[in-house]
Number of protein chains: 4
Amino acid sequence: MKHATSLTVRPYECDSYGHVNHAVYVNYLEHARMQFLHAAGFDYKGLIAAGFFTVIARLDISYRSPAYAGDALEIETESTETRRIGGTFHQVIRRGETVVAEADVHWCVVNGEGRPARPPEKFDLRKRLP
Amino acid sequence: MKHATSLTVRPYECDSYGHVNHAVYVNYLEHARMQFLHAAGFDYKGLIAAGFFTVIARLDISYRSPAYAGDALEIETESTETRRIGGTFHQVIRRGETVVAEADVHWCVVNGEGRPARPPEKFDLRKRLP
Amino acid sequence: MKHATSLTVRPYECDSYGHVNHAVYVNYLEHARMQFLHAAGFDYKGLIAAGFFTVIARLDISYRSPAYAGDALEIETESTETRRIGGTFHQVIRRGETVVAEADVHWCVVNGEGRPARPPEKFDLRKRLP
Amino acid sequence: MKHATSLTVRPYECDSYGHVNHAVYVNYLEHARMQFLHAAGFDYKGLIAAGFFTVIARLDISYRSPAYAGDALEIETESTETRRIGGTFHQVIRRGETVVAEADVHWCVVNGEGRPARPPEKFDLRKRLP
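No experiment lies behind these values; they were computed from the predicted model shown.

1. Some points on the pairing of strand β5 (residues 98–111) of chain A
All names here are of chain A.
Link 1 in the chain: The pairing of strand β2 (residues 52–63) with β5 spans 11 bridges and is antiparallel. Each residue of the ladder has a partner; that of Y63, found in β5, is A101.
Link 2 in the chain: Summarising the sheet, strand β4 (residues 86–95) and β5 pair through 10 bridges and their orientation is antiparallel. Following the sheet pairing, G87 is matched in β5 by W107.
Link 3 in the chain: A loop of 2 residues connects β4 with β5, the two strands running antiparallel in sequence, and G96 in this loop sits at a positive phi of about 60°.

Have a look at this one:
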């Protein structure tokens, strides 16, 4: 399952070079992962109601090409490693054919104390992916 | 009680003109109000633990002069109207003698449902001000 | 001319109450004004190339109702006062029938030194509005 | 040369879990690198005036422990690889003894067209470090 979402760069997301600030892409990636989970039918609100949430353990992002206010970007999200308590997403941000940035994002499920924890089976992301 | 806090403009807070983005000042003002409450000995965490929180009802900000990355800014905060369930802060952001922005910020206390509500007496801000 | 644009609240735009942070609405409003100018055929890049830009002089925003991650918001933008060197926008943010926030935003054109200045006639916004 | 800078977490930097949002640390790291360059006597404004600037090519950040509004954080920055046209910074964010996050940040100098380029010798960071 490769999921794609698109967005348009807003002016306030650009820094004094006129480029999208490099931290803003981290926000874009989070937005795209949430869209991915929604499209997969994953009940994220239910996970939180059950006393769990997800955290990012590591993010490794390479910046390939700048983007500017008004640019239409597409973000492709794929789960390259999926376990019950966590996994890895590979995400690519493109403007047309040009790769703007790509990232590997490692996440895991934690409990209310913030410790890695196994969520109930219905929150196993593996069941949501083809 | 006029309270002053200072901060230095960070590069990512500037937009493509090289100026501090106008929305960032709204963040600065919130930061300064929290410092004000802390200096006044107001128990904000206690307010939340008691099931209340504060919301901004209205913000009226005038921008007088731009600020740039690295600028040292001082923010003066004063409560110009203080009631048990809300009030108004007047805040002025300066770089040296220059006024960068000034604002009136109207706030009120709400309960867990987000409705205006009277907090317990120990959270009456009037008792904290000279 | 009343212009409408829509957007979906992204998770990172929410603060520790789970609400859209009040400064984020200021970003939303800027985004909507840019969409308005684009729809009106106003050549904003040309204005900058000619050595001018626009600044916000004052923003008066009232917060009516909270918004949450995933909410679909519509922003209506109308120019209630339009002069060659500036004017006022009235903007309303709604979720369905509910008003989330509304604002009056006063702007003006400045030159490269940041002083109010009359731009060339082709950048007169009055010619772009019905 | 290990450089340390400190900052206090501001409320608007926290997300709906009450934690500092993971993208905000990327901003903190940029702020700390700028403080590092300033402390080293590197003339960043001169670099820009000479027609060059720096971009981040890759950022690999690991999140170890959450941080909260009001936390006092210290950021340690060290250049672990320094060349004339770029290099790598290692940065560690701590709250007391606790590591909150650590990152390797790869940067390079580019010219006005955004292509990697050798800046004049006086902008060689190696000459600034012990």
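2. Topic: helix α1 (residues 22–39) of chain C
Residue and element names in this part refer to chain C.
Link 1 in the chain: The first and last C-alpha atoms of α1 sit 27 Å apart over 18 residues, in line with the 26 Å expected at 1.5 Å per residue.
Link 2 in the chain: Turning to α1, its buried residues are H22, A23, V24, Y25, V26, N27, Y28, L29, E30, A32, R33 and F36.
Link 3 in the chain: Two residues or fewer after α1 comes G41, characterised by a positive phi angle close to 80°.

3. Regarding the sheet that holds strand β5 (residues 98–111) of chain C
Link 1 in the chain: Taking strand neighbours across the sheet as the criterion, the 10 strands line up as β1(B)-β3(B)-β4(B)-β5(B)-β2(B)-β2(C)-β5(C)-β4(C)-β3(C)-β1(C) in an open arrangement whose pairing is antiparallel. Pairing within the sheet leaves two strands with one partner each, and these edge strands are β1 (2–8) of chain B together with β1 (2–8) of chain C. Strand-to-strand twist across the sheet, computed as the mean angle between neighbouring axes with direction ignored, equals 25°.
Link 2 in the chain: Running over the sheet, helix α1 (residues 22–39) of chain B touches β1, β2 (52–63), β3 (72–83), β4 (86–95) and β5 (98–111) of chain B together with β2 (52–63) of chain C and is turned about 130° from β1 of chain B.

4. Considering the relation of the copies chain A and chain B
Link 1 in the chain: For these two chains of identical sequence, chain A goes onto chain B by a turn of 180° and a shift of 0.0 Å along the axis, with RMSD 0.0 Å. Read as a symmetry element, the transformation amounts to a two-fold axis.
Link 2 in the chain: Both copies contact each other with a shared surface, as 100% of the interface residues of chain A are interface residues in chain B too.

5. Points about the interface of chain A and chain D
Link 1 in the chain: Contacts between chain A and chain D engage 17 residues on the former and 17 residues on the latter.
Link 2 in the chain: Secondary structure elements with two or more residues in the side of chain A that touches chain D: α1 (24–39) and β2 of chain A.
Link 3 in the chain: The dominant element in the side of chain A that touches chain D, judged by the number of residues it contributes, is β2 of chain A, at 10 residues.
Link 4 in the chain: By residue class, the composition of the side of chain A that touches chain D is 11 nonpolar, 4 polar and 2 charged.
Link 5 in the chain: Relative to strand β2 (residues 52–63) of chain D, β2 of chain A runs antiparallel, the two being bridged by 5 bridges.

6. Here we look at the interface of chain A and chain B
Link 1 in the chain: Counting residues at the interface gives 7 residues for chain A and 7 residues for chain B.
Link 2 in the chain: Taken together, the residues that form the side of chain A that touches chain B break down as 3 nonpolar, 3 polar and 1 charged.

7. So, the sheet that holds strand β3 (residues 72–83) of chain A
Link 1 in the chain: The strand order β1(A)-β3(A)-β4(A)-β5(A)-β2(A)-β2(D)-β5(D)-β4(D)-β3(D)-β1(D) describes an open sheet built from 10 strands, whose pairing is antiparallel. In the strand order of this sheet, the two ends are held by β1 (2–8) of chain A together with β1 (2–8) of chain D, each with one partner. Each adjacent strand pair in this sheet contributes to an overall mean axis angle of 25°, direction not counted.
Link 2 in the chain: Pairing of β1 of chain A with β3 of chain A involves 7 bridges; the strand directions are antiparallel. If you follow H3 of chain A over to β3 of chain A, its bridge partner there is T77 of chain A.
Link 3 in the chain: The strands touched by α1 of chain A are β1, β2, β3, β4 and β5 of chain A; relative to β1 of chain A, the strand with the most contacts, the crossing angle is about 130°.
Link 4 in the chain: Along the sheet, helix α1 (residues 24–39) of chain D makes contact with β1, β2, β3 (72–83), β4 (86–95) and β5 (98–111) of chain D, crossing β1 of chain D at roughly 130°.

8. Brief notes about the environment of S65 of chain B
Link 1 in the chain: With respect to the helices, strands and loops of the structure, S65 of chain B is situated in the loop between β2 and β3.
Link 2 in the chain: With 35 residues separating them in the primary sequence, S65 of chain B and V100 of chain B have C-alpha atoms 4.5 Å apart.

Conventions and cut-offs
- Residues numbered from 1 in each chain as written.
- Chains lettered and ligands numbered in written order.
- Predicted model: local features only at pLDDT ≥ 70, side-chain atom pairs only at ≥ 80, totals over all residues.
- Pairing = 2+ DSSP bridges.
- Helix = DSSP H or I, 4+ residues; strand = E, 2+ residues; numbered from the N terminus.
- Expected span 1.5 Å × (residues − 1).
- Buried ≥ 20, exposed ≤ 12 C-beta atoms within 10 Å, placed from the backbone.
- Axes fitted to C-alpha atoms, helices over the stretch in contact; angles between N-to-C directions.
- Contact = placed C-beta atoms within 7 Å.
- Least-squares fit on C-alpha atoms with pLDDT ≥ 70 in both.
- Nonpolar A, V, L, I, M, F, W, Y, C, P; charged D, E, K, R; others polar.

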